[in-house]
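Listed below are the residues making up each chain.
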Amino acid sequence: MIGLAIKNRKIVFYLLLCIFVGGIYSYIVMPKQEAPDLTAPVARLTCIYPGASREDVNQFVTRKIEEELMNMDAFDYCDSYTYNSITTIIVFMKYGSDTDKVWTELRRNLNDLQEELPDEVMPIDVNTNLVNTAGMIISLTGEGYDYDELGFYGRKIIKDLKDVDGVTKFEMIGE
C-alpha cells in the first residue's frame, strides 16, 4: 500500500490538494451563528409544595409526575431530586422526537395532573430551554422561619451573588 502511494505520488499529492481546497471552501461557505439555536430533548420540572416533608413531596407530587411522564410515547428516562417542600425532575425524551410537539404534550399533561395534586402545591414549572437555565439552585427552608424571613434571606443571597464575576441571571421562586 505504501509502495503504491510512493509510486503514484503525483496522484496522492493531487488528492491531498483536493481535500485541502475542499476543506477551505467548506469552512468559508459553512453557515455560522454566534449563538446557535439549541434544542435538546431535555426539560427541568420544578414543583413546590410549601411546608411538606420530603416523604410527602415524594409520595404526593414526585411519584405522580413520574407516572404521568411514563405514559408519554417520547419519554426516555428522568432523574428526580426530592427535598422538603420541593421536587426537581430532569426529563429526558428520546432523541429524534419533535420537541415542540413533545413539550406541548408535556405541558398539557402536567396541567391536567395539577388538579390531582394537593391544593397547596404550586403550579409545576416546566423549563424546556436549559441553555439559559441557572447553573445553581439554592433552596431555603427552616423551622421557625416564616416566608417573609426566608424571602429576606433569599434577597440577601442574591445581593451577595451579584458581586460574583460571571453570574448574570437570578430568579427567585416561591417567595
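Model, not experiment: these values are computed from the prediction.

Caption draft 1: Representation of the pairing of strand S2 (residues 75–83) in the model. Inspection of the sheet shows S2 paired to strand S3 (residues 86–93) by eight bridges, in the antiparallel sense. Across the sheet, Asp79 pairs through a bridge with Ile90, a residue of S3. Where S2 hands over to S3, the hairpin turn is made up of two residues, of which Ser85 adopts a positive phi near 70 degrees.

Caption draft 2: Focus on the environment of Leu140. Along the polypeptide, Leu140 turns up in the loop between strand S4 (125–127) and helix H5 (147–161). Owing to a relative accessible area of 36%, Leu140 belongs among the partly exposed residues under this scheme. When near neighbours in sequence (up to four residues on either side) are disregarded, Leu140 contacts Leu150, Tyr153, Gly154 and Ile157.

Caption draft 3: Seen up close, the packing of aromatic side chains. Inspection of the entire model under this criterion finds three aromatic pairs. With a centroid separation of 4.4 Å and 10 degrees between ring planes, the pair formed by Tyr77 and Phe92 is classed as stacked. Here Tyr77 is found in strand S2, whereas its partner Phe92 is found in strand S3, with 15 residues between them in sequence. When the centroid spacing of 5.4 Å and the interplanar angle of 70 degrees are considered together, the rings of Phe152 and Tyr153 count as edge-to-face. We classify Tyr153 as partly exposed; its relative accessible area is 39%.

Caption draft 4: Quick peek at the sheet that holds S4. The strand order across the open sheet formed by four strands is S2-S3-S1-S4, and the pairing between neighbours is antiparallel. Edge positions in the sheet fall to S2 and S4, since each has one partner strand and no second. If you compare each strand with its neighbour and ignore which way they point, the axes differ by 15 degrees on average. The sheet contacts of helix H3 (residues 54–70) involve strand S1 (42–48), S2 and S3, and relative to S2 the element is tilted by about 170 degrees. Along the sheet, helix H4 (residues 99–114) contacts S1, S3 and S4; its crossing angle with S1, the most-contacted strand, is approximately 15 degrees.

Caption draft 5: The side chain of Glu66, seen in detail. Counting through the fold element by element, Glu66 comes out in helix H3. Despite its burial, Glu66 remains without a salt bridge, the nearest opposite charge being carried by Arg63 at 6.1 Å. Each residue touching Glu66, except ones within four places of it in the same chain, is listed here: Cys78, Ser80 and Ile89.

Caption draft 6: Quick look at the state of the cysteines. Counting across every chain of the model gives zero disulfides. Of all cysteine sulfurs in the structure, the one in Cys47 sits closest to Cys78, which takes part in no disulfide; the separation is 14 Å. Cys78 gets classed as buried once you look at its relative accessible area, which sits at 19%.

Caption draft 7: The pattern of salt bridges, seen in detail. Applying the stated criterion to the full structure yields two salt bridges. Asp125 is paired through a salt bridge with Arg44; the nearest N and O atoms lie 4.0 Å apart. A residue pair is termed long-range when its members are at least 10 positions apart, and Asp125 in strand S4 and Arg44 in strand S1 qualify at 81 residues. Relative accessible area serves as the criterion here: at 30%, Asp125 is assigned to the partly exposed category.

Caption draft 8: Examining the confidence of the model for the protein chain more closely. Per-residue confidence for the protein chain gives a mean pLDDT of 86, with 94% of residues at or over 70. By mean pLDDT, helix H1 (residues 2–7) is the weakest element of the protein chain at 84, and helix H2 (residues 9–29) is the strongest at 93.

Caption draft 9: View of the nonpolar core. Residues Leu45, Ile65, Leu69, Met93, Leu106, Leu110 and Ile124 are the most contacted members of the largest nonpolar core, which totals 25 residues. Every element with two or more residues in this core is listed here: S1, H3, S2, S3 and H4. Counting residues per element, this core draws most heavily on H4, at five residues. If we ignore the near neighbours within four places in the chain, the residues touching Ile124 are Leu45, Thr46, Cys47, Ile65, Leu110, Gln114 and Leu117.

The rules behind these values
- Residues numbered from 1 in each chain as written.
- Predicted model: local features only at pLDDT ≥ 70, side-chain atom pairs only at ≥ 80, totals over all residues.
- Heavy atoms only, no water.
- Pairing = 2+ DSSP bridges.
- Helix = DSSP H or I, 4+ residues; strand = E, 2+ residues; numbered from the N terminus.
- Buried < 20%, exposed > 50% of the residue type's maximum accessible area, 1.4 Å probe, protein only.
- Contact = heavy atoms within 4.5 Å.
- Phe/Tyr/Trp six-rings, centres within 6.5 Å; stacked < 30°, edge-to-face > 60°.
- Axes fitted to C-alpha atoms, helices over the stretch in contact; angles between N-to-C directions.
- Lys, Arg positive; Asp, Glu negative; His and termini not counted.
- Salt bridge = Lys/Arg side-chain N within 4 Å of Asp/Glu carboxyl O.
- Disulfide = S-S within 2.5 Å.
- pLDDT = per-residue confidence, 0-100.
- Core = buried A, V, L, I, M, F, W, Y, C linked by side-chain atoms within 4.5 Å.

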